[in-house]
Amino acid sequence: MKIFVVNAGSSSLKYQLIDMDNEQVLAKGICERIGTSGVISHKTPDGRVYKAETPMPTHSEAFEAVVYAMVESDAKVIDSFDEVSAIGHRIVQGGSIFKESCLVTEKVIEDISALGAMAPLHNPAHVLAIRACIKTFGDKIPQVVVFDTSFHQTMPDYVYMYGLPYEYYEKYGVRRYGAHGTSHRFVSARLAELCGKDKKDLKMITCHLGNGCSISAVKDGVCYDTSMGFTPLDGFMMGTRCGGLDPSVVTFLAEKEGLTPAEINEICNKKSGLLGISGFSNDSRDIEEAAANGDKRAILARDMQYYQILKYIGAYIAAMDGVDAIAFTGGIGENNPRLRQWICDSLSYLGIKIDSKINEAHGKEVELSTADSKVKVFVVPTNEELAIARDTLAIISK
């Protein structure tokens, strides 16, 4: 059984085709510059590549390009899209409406669209992609939506509520929703397997560290707390996002600089974080290299992010009254040994010990903790596409 996984942006369309009989990726690719010129990059595990510039005024044309790549190009992997059993969509914001993945209906599409104000860069694009799929494939292929926020719906109200007048929660749904939930769900489940225990018997902390970063506390098998909030801007400093800050900073800068809400949003989301502090890059690899060469602002950016990650981990250890296992995932989490070493050394009071030589590993699943460590520590590469495909298969098989 083959599942087509879609992750749509406003001008892009990432995809994977996964054979669920063995959970192997048959093809993956991306359509970019949708709405303007249009280009597709498609590749297969055996090294075949198809690249082409083709007009993509809408997501519908992007899907047509994907079908051609999969069915007719030199990098084809299927004879017909009739071989595809279902389509799974990644949806960023499900609000309080969607507590789990579900089949696409017109009502579901309308609800995703209505949540667009809470994820303006994502939900509207997801709706475009779903409707484009319907236009391209009709109703012969069932579609499933998988929400980044669903995993965090188990948080208690005293965890997800903000200390604002309650009426704003009632009127506008202002509360903590979190993000990266599909990744945290996949990684925490895999972490429990690696520990050889039922996830309900573990207290886990999953650290999704990339250009966007979030940390989740997983207690009794479900999410207890997470660092991102009403939007993915909250939490700790990221590639271009500032993370949490005193709200008065926003009003102060708006008044001093004459900034509109849209301009403030642009600064906090796209001009802050590692980029804003270093002044030259949002890429952790660039920051690490410059810091090693003595660049003071790069050192500051690196140290700020390290400290804030440690602070969240420490807070979640306190909130759960302990921790049994910690996982690092995402581009930084999987590929930055220095950060992992610093974090674990800073938690030595818990009896955490990791093998420094093993810690030099990049991008692969591995246990870092030593035999006498009181807390298990792993690198667990995330696989959100596989999680989406598994959900999709489960739903269409009911």
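What comes next concerns the included structure. The shown structure was predicted, so the numbers you read here are calculated from the model rather than taken from an experiment.

A few words now on unusual backbone geometry. Residues other than glycine seldom take positive phi values, yet Arg-33 does so here, at roughly 60°. Since its relative accessible area comes to 39%, Arg-33 is described here as partly exposed.

With that settled, the discussion passes to the sheet that holds strand β11 (residues 222–226). Reading across from one edge, β11-β10-β9-β12-β14-β13 is the order of the six strands in this open sheet, with mixed pairing throughout. Bordering the open sheet on either side are β11 and β13 (366–367), each of which pairs with just one other strand. Pairing between strand β12 (residues 325–329) and strand β14 (residues 376–379): four bridges, direction parallel. Among the inter-strand pairings, Ala-327 is bridged to a residue of β14, identified as Phe-378. The strands touched by helix α6 (residues 181–195) are β9 (203–209), β10 (213–219), β12 and β14; relative to β9, the strand with the most contacts, the crossing angle is about 130°. Contacting β9, β10, β11 and β12, helix α11 (residues 296–319) crosses the sheet at an angle of about 15° to β10.

Attention shifts here to the packing of helix α2 (residues 106–114) against helix α3 (residues 123–137). Geometrically, a packed helix pair is captured by the angle between its two axes and the distance between the axes. The interhelical angle for the contact between α2 and α3, taken along N-to-C directions, is 155°, at an axis separation of 8 Å. One finds that α2 runs roughly antiparallel with respect to α3. The hand of the α2/α3 crossing is left-handed. Facing Glu-106, Ile-109, Ile-112 and Ser-113 of α2, the residues of α3 in contact are Asn-123, Val-127, Ile-130, Arg-131 and Ile-134. Classifying every residue of the contact of α2 with α3 gives five nonpolar, two polar and two charged.

Looking only at helix α10 (residues 284–292), the buried set comprises Ser-284, Ile-287, Glu-288, Ala-290 and Ala-291. Taken together, the buried residues of α10 touch α9 (273–278), α11, α12 (330–335) and α13 (337–346). Backbone geometry just after α10 places Gly-294 at a positive phi near 95°.

Moving on to the sheet that holds strand β6 (residues 84–91). Pairing within the open sheet is mixed, and its eight strands lie in the order β5-β4-β3-β2-β1-β6-β8-β7. This sheet does not close on itself; its edge strands, each paired only once, are β5 (49–53) and β7 (102–103). Bridge count between strand β1 (residues 2–8) and β6: five bridges; the pairing is parallel. The residue of β6 that forms the bridge with Lys-2 is Val-84. Relative to β6, α3 is tilted by about 165°, and along the sheet it contacts β1, β6 and β8 (143–147).

To continue, consider the side chain of Gln-153. Along the chain, the position of Gln-153 falls in the loop between β8 and α4 (157–160). One polar contact links the side chain of Gln-153 to the main-chain carbonyl oxygen of Gly-95, over a distance of 3.0 Å. Apart from the residues within four sequence positions on either side, Gln-153 is in contact with Gly-95, Ser-96, Phe-98, Lys-99, Arg-175 and Tyr-177.

Here is what the cut-offs are and how they apply
Residues numbered from 1 in each chain as written. Predicted model: local features only at pLDDT ≥ 70, side-chain atom pairs only at ≥ 80, totals over all residues. Heavy atoms only, no water. Buried < 20%, exposed > 50% of the residue type's maximum accessible area, 1.4 Å probe, protein only. Pairing = 2+ DSSP bridges. Helix = DSSP H or I, 4+ residues; strand = E, 2+ residues; numbered from the N terminus. Contact = heavy atoms within 4.5 Å. Axes fitted to C-alpha atoms, helices over the stretch in contact; angles between N-to-C directions. Parallel < 35°, antiparallel > 145°, perpendicular 65-115°, else oblique. Left-handed = near helix turned anticlockwise from the far one by under 90°. Nonpolar A, V, L, I, M, F, W, Y, C, P; charged D, E, K, R; others polar. Polar contact = N/O pair within 3.5 Å; in protein donor to acceptor, adjacent residues only side chain to side chain.

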